[in-house]
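# Observations on chain architecture
As a plain string of letters, each chain reads:
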Amino acid sequence: MEPDKPFSPEEDPARFQKEGALTRFARNQLATLALILLAMVVVLSLSTRTFLTATNIFNVLRAFSWIAIASFGQSIVIISGGIDLSAGSNMAFSGIITAMLLVEGVNVPLSIGAGLGITLLIGFANGLMISKTKLPPFIATLGMMSIVRGFCYGMTQGWPVRGLPRSFIALGQTDLSFFIWRVPVPAIIMVCFAVLVYILLDKTKLGYHTYAVGGNEYAASLAGIFTGKVKNIAFTLSGFLAGVGGILMTARLGVAAPTAASGYELDIIAAAVIGGISLTGGEGNVWGALIGAAIMQILRNALVLLGFPAYWQPAAIGAVIIGAVMIDMYRKKSI
Amino acid sequence: MHKTLRITVFLTAVVFLLGVLLAGGVFAQEQTLTFAWIPKALDNPVFELGRDGAFVKAQELTETTDYTVEIIYIGSVASDAAEQSRVVEDVIARGVDGIGISCNDPDALIDVINKAVEAGIPVMTWDSDAPDSERFTYLGVSNYDGGVAAAELLVRFMGEEGDVALLTGVPGAFNLEERIRGFRDGVADYPGIEIVTTVACYDDIATGVQVVEETMLAYPDLDGWFFVGLWPLFADRGSMPLWEEAAASGDMKVVAFDTLPVQLEYMKDGLLVGLVGQKYWGWGYDTIQMLFDYIVHDAAFPDWTDSGMDIVTMYNVDAMIEAWETSDFTKPLPPPFPED
């Protein structure tokens, strides 16, 4: 059966207008988030003498780059109405596959290609399970999280993989000159992927379809959208982007540990949610996820710089997650 | 007719199977000793070293005695007391001759340990104890004493005054808290030493690297570090530039728990001055010997068997590196301070 051709903005001005309003709405939402971020930066700059140094800023940027990149993929999945719990395991796995090949003497591009390829396949498998067998995304990716983690332990026998070549580590540890600053490579890669995902979600038909499927799957399928295909692509991209994050993290540390990125899936999801991406789907954008990841990392950074007791830090982080989302919801109601 | 034939075949099969099982059981009882060696988790490399020690001892005993000693290496993937209890129950059901276990929780494992003992399987604990259970002994170190030893090492290299930072894993983990308590008591005699901050990395390498660098930014004039575990040291050179620079300059002294090869490399490069380590290899090697002696020779053990600690400094680091390279930890380590 040939489905109806999905409509484009030109063919359906009413829908286009609605999208326009949605975009404006999202911009407002971004403004609130940016304001929260700015407030944190100002307070920290005034209360510590170290926060606003280039070293610290780039340190923070590097540290959240891999969470942010994985969070872009997570955002696509959440916008399409799903959730990807296997992101943390995928981050560890891409690093381990790449590191193991590097240690065997395989060249850098090929090793990275294999690491990314495998997480792309894992993402695709997630997508297939969800679109073909109708498994709930929570269950499918929960199972996958465990399967992939098991492979991490099994293939390394519990030992971290070390002794990676400098040419690979450079990817995570080099800083590139950019005007007067020396910007870490992972941060630059993060910005590149943010732009790519923004284009995908905002400027392509697939992007419109992703919002449509997440907003109302039944309506989307009636409109002739291949909902299964959209979900498949969303999960595949999530796997791939988690893989990218994992490889950058491995390059930065120079070691691929089977326990790496344990529990990161929650940080990745939290970054997206703080960034205004609704867990019910169909809402939010990639810049929100970027700011969400930044807020989380700056908070962690602040707690250390301010000498906040380590024992109380999880409580502070939890309070900020809830606070950020509540401010966002309050703003929505008040407008 | 058909039915009778089927029943006959079925009964024959059952008898045959039972015969094999019984014969196997009798055979096993006479010749083979099977020990279950259960770590806290399968995701921690130090336990792999203990496992290797256990297998080496099993091999030695098989070659030098009338017994064939077999090791079952089994555990929960992550540190989890409930999951570990299930593993112990499985091992009891399977039937082994002895169990050596590192408990995830001092209380949660009491019930299953006592069940094993009731079933006639002697149990001993290593590394992490369940003191109120029926285990016959505990092989381990006092983490508190380890913390005190770390403090002594730091004072020796850093002097009697300075600002010190602590890096821990998961706040509240009993062994880590004990080490910290020991360390605090160890430096309490020196009013010039101030612990300026304690940061936590939640057992995550990336977080460890991050918080160490952040601490270096917040306290650029730090004189000393105590890493309560080795987390950020798993990362390769270049991942903590600020820390490395300060440590290499000699103005900041770093002591750490554990004595893994990655740390020995850092020590060779002058970035770490002192290490306090448990005898991981002995966790397996000595435990299997003790289980064997307990069962075969009816040996008696005290409630707590001190496994001792390895103190590694630049004076004996080479011997430790050699032990790792040859996988032979049976030779005693030279003294950490030869002039004493």
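Residues numbered from 1 in each chain as written. Chains lettered and ligands numbered in written order. Predicted model: local features only at pLDDT ≥ 70, side-chain atom pairs only at ≥ 80, totals over all residues.

## Comments concerning the overall build of chain B
Put simply, the rule is: Strands here mean DSSP runs of E at least two residues long; helices mean DSSP runs of H or I at least four residues long; both are numbered from the N terminus. Remark: C-beta atoms are placed from the backbone, and a residue is labelled buried if 20 or more other C-beta atoms sit within 10 Å of its own, exposed if 12 or fewer do, or partly exposed between those counts. Residue pairs qualify as contacts under a 7 Å threshold applied to their C-beta atoms, which are placed from the backbone.
A count of helices and strands for chain B gives eleven helices and twelve strands. Its C-alpha atoms give chain B principal-axis dimensions of about 90 × 40 × 35 Å. Out of the 340 residues belonging to chain B, those deemed buried represent 50%. Across chain B, the fraction of contacts at a sequence separation of at least 24, relative to all contacts at a separation of at least 6, is 72%.

## Concerning the overall build of chain A
Counting secondary structure elements, chain A contains 13 helices and two strands. In chain A, of all internal contacts separated by at least 6 residues, the share reaching a separation of at least 24 is 78%.

## Observations regarding the interface of chain B and chain A
Defined as follows: By the convention adopted, Pro, Cys, Tyr, Trp, Phe, Met, Ile, Leu, Val and Ala count as nonpolar, Lys, Arg, Asp and Glu as charged, and the other residues, Gly among them, as polar.
Each partner contributes to the interface: chain B provides 29 residues, whereas chain A provides 31 residues. Going through the elements one at a time, helix H2 (45-64), strand E7 (193-200) and helix H7 (205-218) of chain B are the ones with two or more residues in the side of chain B that touches chain A. For the side of chain B that touches chain A, the element with the highest residue contribution is H7 of chain B, accounting for ten residues. A per-class count over the side of chain B that touches chain A returns 15 nonpolar, eight polar and six charged.

## Overview of the pairing of strand E2 (residues 68-73) of chain B
Residues and elements named next belong to chain B. Under the convention used in this document: Here a strand pair is declared whenever DSSP counts at least two bridges between the two strands. When the strands point away from the viewer and the path from the first strand over the helix to the second turns clockwise, the crossover is right-handed.
Two elements, strand E1 (residues 32-38) and E2, share six bridges in a ladder whose sense is parallel. The residue bridging Leu33 from the neighbouring strand is Val69, located in E2. Each parallel crossover has a hand, and the one from E1 via H2 to E2 is right-handed.

## Points about the domain arrangement of chain B
Note: interface size is frequently given as the accessible area lost on complex formation between the parts. Short version of the rule: What counts as a domain boundary in this text is fixed by an automatic or database domain assignment.
When its domains are assigned, chain B resolves into domain 1 (2-140 + 281-307) and domain 2 (143-278 + 311-326). On a C-alpha basis, the centroid separation for the pair domain 1 of chain B and domain 2 of chain B is 35 Å.

## Thoughts on the packing of helix H4 (residues 108-132) of chain A against helix H5 (residues 137-156) of chain A
All names here are of chain A. We apply this condition: Axis definition: a line fitted to C-alpha atoms, over the contacting stretch in the case of helices. Angles run 0 to 180 degrees between N-to-C directions. Crossing handedness is defined as follows: a turn of the near helix away from the far one that is anticlockwise and smaller than a right angle gives a left-handed crossing, while the clockwise case is right-handed.
One way to put it is that H4 packs onto H5 with a least axis distance of 9 Å and a crossing angle of 145 degrees. Between H4 and H5 the crossing geometry is right-handed. Across the interface between the two elements, Ile122, Asn126, Met129 and Ile130 of H4 pack against Pro137, Ala140, Thr141, Met144 and Val148 of H5.

## Notes on the sheet that holds E1 of chain B
All names here are of chain B. An order of E2-E1-E3-E4-E5-E11 is seen for the six strands of this open sheet, with the pairing classed as parallel. The open sheet has two edge strands with one neighbour each: E2 and strand E11 (304-306). Across the sheet, the axes of successive neighbouring strands diverge by a mean angle of 20 degrees, strand direction being ignored. Relative to strand E5 (residues 138-140), strand E4 (residues 123-126) runs parallel, the two sharing two bridges. Residue pairing across strands places Thr125 opposite Tyr138, the latter belonging to E5. Across the sheet, H2 lies against E1 and E2, angled at about 165 degrees from E2, the strand it touches most.

## Let's talk about the pairing of E4 of chain B
In the case of a regular strand, side chains alternate between the two sheet surfaces. Because side chains alternate across E4 of chain B, one face comprises the buried residues Val123 and Thr125 of chain B, and the other comprises Met124 and Trp126 of chain B, equally buried. Between strand E3 (residues 98-101) of chain B and its parallel partner E4 of chain B, the chain crosses via helix H4 (residues 110-118) of chain B, and the hand of that crossover is right-handed.

## Observations concerning the sheet that holds strand E6 (residues 162-168) of chain B
All names here are of chain B. Ordered in space as E7-E6-E8-E9-E10-E12, the six strands form an open sheet in which the pairing is mixed. Edge positions in the sheet fall to E7 and strand E12 (309-312), since each of these pairs with one other strand and no more. Sheet twist, expressed as the average angle between the axes of neighbouring strands with direction ignored, equals 15 degrees. Two strands pair when backbone bridges link them, and E6 and strand E8 (residues 224-227) are joined in this way by four bridges, in the parallel orientation. Bridge pairing in E8 links Leu166 to Phe226. Taken strand by strand, helix H6 (residues 174-187) contacts E6, E7, E8 and strand E9 (253-257), and its axis lies near 170 degrees from that of E6.

## Thoughts on helix H8 (residues 241-249) of chain B
All names here are of chain B. Quick note on the threshold: It is the directions from the helix axis to the C-beta atoms whose arc is reported.
Taken as a whole, H8 has its buried residues at Trp243, Ala246 and Ala247. Along the axis of H8, the buried positions cluster into a sector of 95 degrees, meaning they face one direction only. For H8, exposure combined with an orientation more than 90 degrees from the buried face picks out Ala248 and Ser249. Buried residues along H8 sit against H7 and E9. Positive phi shows up at Gly250, right after H8, with a value of about 90 degrees.

## Considering unusual backbone geometry
Of all residues except glycine, most have a negative phi; of all peptide bonds, most are trans. The phi angle at Lys134 of chain A is positive, at roughly 60 degrees, despite the residue not being glycine. Its location among the elements puts Lys134 of chain A in the loop between H4 and H5. Residue class for Lys134 of chain A comes out exposed when judged on the 9 C-beta atoms lying within 10 Å of it. Although it is not a glycine, Asp298 of chain B adopts a positive phi angle of roughly 50 degrees. As for its placement among the helices and strands, Asp298 of chain B is situated in the loop between helix H10 (280-296) and E11.

## As for the environment of Ser278 of chain A
Residue and element names in this part refer to chain A. Inspection of the secondary structure puts Ser278 in the loop between helix H11 (264-274) and helix H12 (286-305). Using a count of 16 C-beta atoms within 10 Å as the deciding quantity, one classes Ser278 as partly exposed. As for Ser278 and Ile79, which are separated by 199 residues in sequence, their C-alpha atoms are 7.3 Å apart. Not counting residues within four places of it along the chain, the set of residues in contact with Ser278 comprises Glu283 and Gly284.

## Focus on the environment of Val69 of chain B
For Val69 of chain B, the location among the structural elements is in strand E2. Separated by 35 residues in sequence, Val69 of chain B and Thr34 of chain B have C-alpha atoms that sit 5.9 Å apart.

## Overview of the confidence of the model for chain A
All names here are of chain A. Put simply, the rule reads: The predictor's confidence in any single residue is recorded as pLDDT, a number from 0 to 100.
Of all residues in chain A, 90% have pLDDT values of 70 or greater, and the mean over the chain is 87. Per-element confidence in chain A is highest for helix H3 (residues 87-103), whose mean pLDDT is 97, and lowest for helix H1 (residues 13-47), whose mean pLDDT is 72. The low-confidence segment residues 1-10, where pLDDT is below 50, has 14 contacts with residues more than four positions distant or belonging to other chains.

## A few points about the confidence of the model for chain B
All names here are of chain B. The pLDDT averaged across chain B works out to 89; a share of 93% of its residues lies at or above 70. Per-element averaging of pLDDT across chain B places helix H1 (residues 2-31) at the bottom with 63 and E8 at the top with 97. In the model output, the complex is listed with pTM 0.76 alongside ipTM 0.73.

## Looking at the packing of helix H9 (residues 261-268) of chain B against helix H11 (residues 317-326) of chain B
Residue and element names in this part refer to chain B. How we decide: Here is the rule for angles: anything less than 35 degrees is roughly parallel, anything more than 145 is roughly antiparallel, 65 through 115 is roughly perpendicular, and the remaining ranges are oblique.
The contact between H9 and H11 brings their axes to 10 Å, and the two run at 150 degrees. Classed by the angle they form, the pair H9 and H11 counts as roughly antiparallel. Of the two possible hands of crossing, H9 and H11 adopt the one that is left-handed. Two secondary-structure elements touch here, H9 through Pro261, Leu264, Met267 and Lys268 and H11 through Val317, Met320, Ile321 and Trp324. Residues that form the contact of H9 with H11 fall into these classes: seven nonpolar, no polar and one charged.

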